[in-house]
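Residue-level structural notes
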Amino acid sequence: MLIVIVRNSPVSVLHARRKIICSVCTVNKDQPLMIEEGREWDAHQKTRIHKRLVGKASRDLVDKEHRAVRKQSDNSEAEDNVDDMLLFS
Ligand SMILES: [Zn+2]
């Protein structure tokens, strides 16, 4: 797989960058927490608040518990969590 991001003009940057809604940190669905994919998303996933909410969510949702625990110990790559996120293009 090859991903090419063109950063020659401000317009292309806007098109290249997508925002990801962090469903874990979004409390009010009318005001979703959106984070730019890439570096900002990586940084966001390492924040204390996000990690705490991930832990809280996995406790609250018994249904998702096993999946979440496995994900955390296994692999915390963003790609792994695609099913939990909404992607905007
Ligand atoms: Zn988050």
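Everything quoted here is computed from the prediction, not taken from an experiment. (Residues numbered from 1 in each chain as written. Predicted model: local features only at pLDDT ≥ 70, side-chain atom pairs only at ≥ 80, totals over all residues.)

1. A word on the overall build of the protein
The number of helices and strands found in the protein is 4 helices and 3 strands. Listing every helix and strand of the protein by position from the N terminus yields α-β-β-α-α-α-β. Taken over 89 residues, the protein has a buried fraction of 6%. Considering only contacts within the protein whose residues lie at least 6 apart along the sequence, 38% involve residues at least 24 apart. (Helix = DSSP H or I, 4+ residues; strand = E, 2+ residues; numbered from the N terminus. Buried ≥ 20, exposed ≤ 12 C-beta atoms within 10 Å, placed from the backbone. Contact = placed C-beta atoms within 7 Å.)

2. Here's the deal with the environment of Ile-35
Relative to the helices and strands, Ile-35 is located in strand S2 (residues 34-36). Residue classification places Ile-35 among the buried residues on the basis of 20 C-beta atoms within 10 Å. Sequence separation between Ile-35 and Lys-19 is 16 residues, and the spatial gap between their C-alpha atoms is 5.3 Å. Contact partners of Ile-35, with chain neighbours within four places excluded, come to Lys-19, Ile-20, Cys-22, Glu-40, Trp-41 and His-44.

3. Considerations on the confidence of the model for the protein
Per-residue confidence for the protein gives a mean pLDDT of 75, with 53% of residues at or over 70. Element-level pLDDT for the protein is lowest in strand S3 (residues 86-88), with a mean of 57, against a maximum mean of 95 in helix H2 (residues 39-45). (pLDDT = per-residue confidence, 0-100.)

4. Let's talk about the environment of Arg-18
Looking at the element boundaries, Arg-18 is found in the loop between helix H1 (10-16) and strand S1 (19-21). Sequence separation between Arg-18 and Gly-38 is 20 residues; the distance between their C-alpha atoms is 8.7 Å.

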